[in-house]
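Notes for the structure review
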Amino acid sequence: MNKIDLLIFDCDGVLIDSEPIAARTLAHAITHAGIAMTPRDVLVEFTGKSEPELRNILLERGLSAVDAVFAKWHVEIFAEFKRELRAMEGISDVLQGLDIAKCVASNSSVERLKMSLGLLDIWAHFAPNVFSAEMVAAPKPAPDLIELCLARMGASAARSILIDDSPAGIQAACAAGVKAIGFVAPDDPRAARRDILLAAGAQDVAVGTADLGRILHRHIAGHHEVRQPVEIEA
Ligand SMILES: [Mg+2]
C-alpha cells in the first residue's frame, strides 16, 4: 500500500524549463531600465522568489517605474514562453508513471502559470489543482501555500511529498510538516544546489527527472533510508 496520497510540485524549474527564459528576459528588462544585471545574476539572486518580492528588491536598489518595467517584462516573457517553453526533459514520463493525486504550488502568479504551464500538455495532470502564492497571505518559504494545497486536496501533511528546486519551497514544506525532495536540473549552472537543498531540509535531492522518478517511487512505497545530516562547508 502507498505511504503517500499527494505529490505537490513546484512549477518553474521542476515541471517546466522556464528559469533560463525568465532570467534572460528579466535581465533584459531591468538592464534596459538602468540596473545592469546578467541572466546569470538574475538566476542566482532571484530564482524562486515571488513577483512582489522581486519588485521590493528592485525598488530598494533604485529601480523607478517598477510597474512599467514589469509590464514590459510580462509582454516579453509571455511571448518567449509561447515561442520556446518546454516541459522539463523527461517529466512527462515521471508524471505518467505516478498514479497518485498531484497538484502545483508555485510562487508565480496565476497569470504566469496559465501563460507557461498552461501552454503544455502536462497541465492536464494538475488542472484545476494549480495553486499560486497569490491565493495566500505569504509566498514560500512560508507554509501558507503548502497548507492550502493540503486543505484543497484533502491530504494530510504526513502522507504528502513536495518537490521543489528552490530552498524557499523546501523550507515551506518543512514548515508545513510535509516531506521535501529537492530537484536539480542537470544543466543548472548554479553551484552546490544539492547541498543548498539538503541544508534547507530536503530529505533527498534528485538530479534530473529519471532520478526524480526513482526517488519518488521509493518514498511512495516507503522504502527509503533516513539520510545522515549534511555538513555544509562555509
Ligand atoms: Mg522553482
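Residues numbered from 1 in each chain as written. Predicted model: local features only at pLDDT ≥ 70, side-chain atom pairs only at ≥ 80, totals over all residues. Heavy atoms only, no water.

1. Things to note about the coordination of the magnesium ion
Each protein donor to the magnesium ion is listed here as Asp10 (OD), Asp12 (O) and Asp165 (OD); together their distances run 2.0 to 2.2 Å. Each donor residue of the magnesium ion belongs to the same chain, with the gaps between them written as D-x1-D-x152-D. No difference in accessibility class separates aspartate 10 from aspartate 12, as the two residues are buried. (Donors = N, O, S within 2.8 Å, 3.2 Å for Na, K, Ca; no water. Buried < 20%, exposed > 50% of the residue type's maximum accessible area, 1.4 Å probe, protein only.)

2. What to know about helix 1 (residues 19–32)
The first and last C-alpha atoms of helix 1 sit 20 Å apart over 14 residues, in line with the 20 Å expected at 1.5 Å per residue. Looking at helix 1, one finds that the buried residues are Glu19, Ile21, Ala22, Ala23, Thr25, Leu26, Ala27, Ala29 and Ile30. Looking at the buried positions of helix 1, the neighbouring elements they touch are helix 2 (39–46), helix 3 (51–60), helix 4 (66–84) and helix 6 (110–114). Where helix 1 terminates, the next one or two residues include glycine 34, which has phi positive at roughly 110 degrees. (Helix = DSSP H or I, 4+ residues; strand = E, 2+ residues; numbered from the N terminus. Expected span 1.5 Å × (residues − 1). Contact = heavy atoms within 4.5 Å.)

3. Some thoughts on the packing of aromatic side chains
Overall, the coordinates contain three aromatic pairs when judged by the stated rule. Ring geometry for phenylalanine 70 versus tryptophan 73: centroids 5.7 Å apart, planes at 85 degrees, classification edge-to-face. With a gap of three residues between them, phenylalanine 70 and tryptophan 73 both fall in helix 4, about one helical turn apart. The pair formed by phenylalanine 70 and tryptophan 73 is uniform in burial state, with each residue classed as buried. Pairing phenylalanine 78 with phenylalanine 81 gives two aromatic rings, centres 6.5 Å apart and planes at 35 degrees, and the pair type is tilted. Note that phenylalanine 78 and phenylalanine 81 are positioned in helix 4 at a spacing of three residues, about one turn of the helix. According to the relative accessible area criterion, phenylalanine 81 is buried, its value standing at 1%. (Phe/Tyr/Trp six-rings, centres within 6.5 Å; stacked < 30°, edge-to-face > 60°.)

4. Side note on the sheet that holds strand 2 (residues 101–106)
Read across the open sheet, the six strands follow the order 3-2-1-4-5-6; overall the sheet is parallel. The two strands at the open ends of the sheet, each matched to only one other strand, are strand 3 (130–132) and strand 6 (204–207). In this sheet, neighbouring strand axes are inclined to one another by 25 degrees on average, regardless of whether the strands run parallel or antiparallel. As paired strands, strand 1 (residues 6–9) and strand 2 are joined by four bridges and run parallel to one another. Counterpart to isoleucine 8 in the pairing with strand 2 is cysteine 103. Along the sheet face, helix 10 (residues 209–221) touches strand 1, strand 4 (160–164), strand 5 (179–184) and strand 6 and points at about 150 degrees away from the line of strand 6. (Pairing = 2+ DSSP bridges. Axes fitted to C-alpha atoms, helices over the stretch in contact; angles between N-to-C directions.)

5. What to know about the pattern of salt bridges
Taken as a whole, this structure holds 14 salt bridges when the rule is applied. Residue arginine 55 pairs with glutamate 51 through a salt bridge whose shortest N-O separation is 3.5 Å. Of this pair, arginine 55 and glutamate 51 both sit in helix 3, separated by four residues, roughly a single helical turn. In this structure, a network of salt bridges that share partners links the residues Arg24, Glu80, Arg83 and Glu84. (Salt bridge = Lys/Arg side-chain N within 4 Å of Asp/Glu carboxyl O.)

6. Thoughts on the nonpolar core
Counting 53 residues, the largest nonpolar core has Leu7, Phe9, Leu15, Ile30, Ile163 and Leu216 as its most contacted members. Two domains share this core, each providing at least three of its residues, namely domain 1 (6–17 + 86–221) and domain 2 (19–84). For phenylalanine 9, the residues in contact, after removing those within four places along its chain, are Val14, Leu15, Leu95, Lys102, Cys103, Val104, Ala105, Phe126, Ile163 and Leu216. Phe131, Val136, Ala200 and Val205 belong to the second-largest nonpolar core, a separate cluster that totals 27 residues. (Core = buried A, V, L, I, M, F, W, Y, C linked by side-chain atoms within 4.5 Å. Domains from an automatic or database assignment.)

7. Remarks on the domain arrangement of the protein
By domain assignment, the protein separates into domain 1 (6–17 + 86–221) and domain 2 (19–84). Computed over C-alpha atoms, the centres of domain 1 and domain 2 are 23 Å apart. If you look at the interface, domain 1 gives 16 residues, while domain 2 gives 19 residues. Across the interface of domain 1 and domain 2, roughly 1500 Å² is buried in total on both sides, 58% from carbon and sulfur atoms. Its largest share of buried area at the contact with domain 2, domain 1 owes to Asp17, Arg112 and Arg190, together 33% of the area lost on that side. Where domain 1 meets domain 2, there are zero salt bridges. Inspection of the region where domain 1 meets domain 2 yields two residue pairs in polar contact (both at pLDDT 80 or more). Its residues assigned to classes, the side of domain 1 that touches domain 2 comprises four nonpolar, four polar and eight charged. (Buried area = accessible area lost by both parts, 1.4 Å probe. Polar contact = N/O pair within 3.5 Å; in protein donor to acceptor, adjacent residues only side chain to side chain. Nonpolar A, V, L, I, M, F, W, Y, C, P; charged D, E, K, R; others polar.)

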